[in-house]
Amino acid sequence: MKPFEFIKAASTEEAVAALAEHGPGIRILAGGTDLLVDLKHAGQSPGVVMDVSGIDDLGAISVDDDGLHIGAGATHTAIMTDPLIAEHAPAMIDAAHTVGAVQTRNLGTIGGNLVTCVPSMDSGPVLVALEADVILAGASGIRRLALTEFFVGPRKTILAAGEMLVDIVIPKANLGKPAGFIKFGLRKGQALALVNAASAAWIEDGKFAAPRIALGAVAPVVIRCEAAEAALDGQPVSDAVIAEAAKIAAGEAKPIDDFRASKSYRLDLIEVGVRRTLAAAAGLKGE
Ligand SMILES: Cc1cc2nc3c(=O)[nH]c(=O)nc-3n(C[C@H](O)[C@H](O)[C@H](O)COP(=O)(O)OP(=O)(O)OC[C@H]3O[C@@H](n4cnc5c(N)ncnc54)[C@H](O)[C@@H]3O)c2cc1C
């Protein structure tokens, strides 16, 4: 690892000021579970590494009129154990539980997961299915956008130079929306997702209302399956309707063939994952 200057920010304001001062030569360190791997293999020193893990409000989880706020610095363990998450977005707990091992979950943050932006990230699908927004802070102020706009490509987000991710907001209208998450890997623990999936839907008079389906590891970024959602909206809850939506969702994905799994196996996993997460959202027993 190349030498670098290490600084510690005590507040978000201080962190934003340091980002402006150091320009592209500064990297944020939250839990470090992705960054340290990057730094070990980097040919060049980042110049400055700024630790933001001591900024208390960056890890805060709260509810207000806007919705459920999850600070970018919230660790996966904090998400798994937070009563507000359990009450308003319990599928987030299922997703957080699948990230790495205990040590990784204790250090790794939701913000770091989203900013690293690998297609297989486990925090993305539930947040996309619950239509989360992200709040970014920079020297020129704050901006808020849909999480789907935040993801630009593999390892690429819309974050501009000098900006940091501060908050993730699940809108109030989606709090308590029934949702399910599933991750398929090559083993049960410490696995990179071959496919991960999340579905959320209200059930009104036995019919799907505002269904949302999100998939990870099947395209350059986490995607929403809008054709499947449209086919499902207003339909009665049944295994046949769910199976049809799952087929459509598989048609919207672009999984790859690689040494870990073939494209056709991943397409099968997508169908199974969408079926199971929709069944969970609908309160069915499922497969
Ligand atoms: C052994 C191991 C197993 C893993 N297993 C999984 C897994 O199963 N599923 C999964 O999804 N991931 C997994 N990961 C990846 C990683 O743990 C997660 O992505 C984690 O959430 C990253 O968070 P962090 O706080 O450690 O990020 P860091 O490493 O601190 O930062 C990651 C990147 O985000 C930037 N960053 C961090 N916070 C902010 C912010 N607030 N604003 C702007 N930029 C920021 C950093 O500069 C860096 O570029 C694993 C990693 C390891 C080492």
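Our subject is the structure that appears above.
Here is a short report on the structure shown in this document. Bear in mind that the values here come from a model prediction, so they are computed numbers and not experimental data. (Residues numbered from 1 in each chain as written. Predicted model: local features only at pLDDT ≥ 70, side-chain atom pairs only at ≥ 80, totals over all residues. Heavy atoms only, no water.)

Within the protein, the regular secondary structure consists of twelve helices and 14 strands. Relative to its length of 287 residues, the protein is compact, with a C-alpha radius of gyration of 19 Å against a globular reference of 19 Å. Taken along its principal axes, the extent of the C-alpha atoms in the protein is 60 × 45 × 30 Å. Going through the 287 residues of the protein one by one, you find that 49% of them count as buried. In the protein, the proportion of contacts linking residues at least 24 apart, taken out of those at least 6 apart, comes to 60%. Averaging the positions of the 25 positive and the 34 negative side-chain charges in the protein gives two centres separated by 8 Å. (Helix = DSSP H or I, 4+ residues; strand = E, 2+ residues; numbered from the N terminus. Rg over C-alpha atoms; globule rule 2.2 N^0.38 Å. Buried < 20%, exposed > 50% of the residue type's maximum accessible area, 1.4 Å probe, protein only. Contact = heavy atoms within 4.5 Å. Lys, Arg positive; Asp, Glu negative; His and termini not counted. Charge placed at Lys NZ, Arg CZ, Asp CG, Glu CD.)

Here we take up the nonpolar core. One finds Ile70, Met92, Leu114, Phe151 and Ile170 to be the most contacted residues of the largest nonpolar core, which totals 55 residues. Looking at which element gives the most residues to this core, the answer is strand S10 (residues 164-171), with six residues. With sequence-adjacent residues up to four places away left out, Leu114 is seen in contact with Met121, Ser123, Gly124, Leu127, Leu147, Phe150, Phe151, Thr157, Leu165 and Ile168. Counting residues in each nonpolar core, the second largest holds 29 residues, with Phe184, Val241, Ala246 and Val274 among its members. (Core = buried A, V, L, I, M, F, W, Y, C linked by side-chain atoms within 4.5 Å.)

Across the interface, helix H11 (residues 239-252) lies against helix H12 (residues 263-281) with an axial gap of 8 Å and an inter-helix angle of 140°. When the interaxial angle is binned, H11 and H12 end up oblique. As for the relative orientation of H11 and H12, their crossing is right-handed in sense. Taken together, the residues of H12 that come into contact with H11 (itself represented by Ile242, Ala243, Ala245, Ala246, Lys247, Ala249 and Ala250) are Leu267, Ile270, Glu271, Val274, Arg275, Leu278 and Ala279. (Axes fitted to C-alpha atoms, helices over the stretch in contact; angles between N-to-C directions. Parallel < 35°, antiparallel > 145°, perpendicular 65-115°, else oblique. Left-handed = near helix turned anticlockwise from the far one by under 90°.)

With that out of the way, let us pick up empty space enclosed by the protein. Evaluated as defined, the whole model comprises one cavity of 30 Å³ or more. Taken as a whole, the largest cavity spans an internal volume of roughly 50 Å³. Along its surface, the largest cavity is lined by His76, Ile79, Met92, Ala95, Ala96, Val99, Ile110, Asp122 and Ser123. For the lining of the largest cavity, the element with the most residues is helix H5 (residues 91-97), which contributes three residues. Along the lines of polarity and charge, the residues of the lining of the largest cavity split into six nonpolar, two polar and one charged. (1 Å grid on protein atoms, 1.4 Å probe; cavity = no way out; pocket = protein on both sides within 12 Å on 5 of 7 lines; lining within 4 Å. Points joined across faces, edges and corners; volume = space filled by probe spheres on them. Nonpolar A, V, L, I, M, F, W, Y, C, P; charged D, E, K, R; others polar.)

Now for the site of the ligand. The full set close to the ligand counts 30 residues, and Ile28, Thr33, Leu35, Thr109 and Asp122 are the nearest of them. Here Gly31 contributes a backbone N or O atom positioned 2.7 Å from an oxygen atom of the ligand. Between an oxygen atom of the ligand and a main-chain N or O atom of Thr98, the distance comes to 3.4 Å. Protein coverage of the free-state accessible area of the ligand, which is 990 Å², stands at 85%. Structurally, the ligand is housed in the largest pocket. Contributions of two or more residues to the shell around the ligand are made by strand S2 (26-29), helix H6 (102-107), helix H7 (110-116) and S10. When residues of the shell around the ligand are assigned to their parent elements, the largest contribution, four residues, is made by H7. Within the shell around the ligand, the residues separate by chemical class into 13 nonpolar, 13 polar and four charged. (Near = heavy atom within 4 Å. Polar contact = N/O pair within 3.5 Å; in protein donor to acceptor, adjacent residues only side chain to side chain. Areas by Shrake-Rupley, 256 points an atom, 1.4 Å probe, with all protein chains shown as cover. Sits in = over half its atoms within 2 Å of the grid points.)

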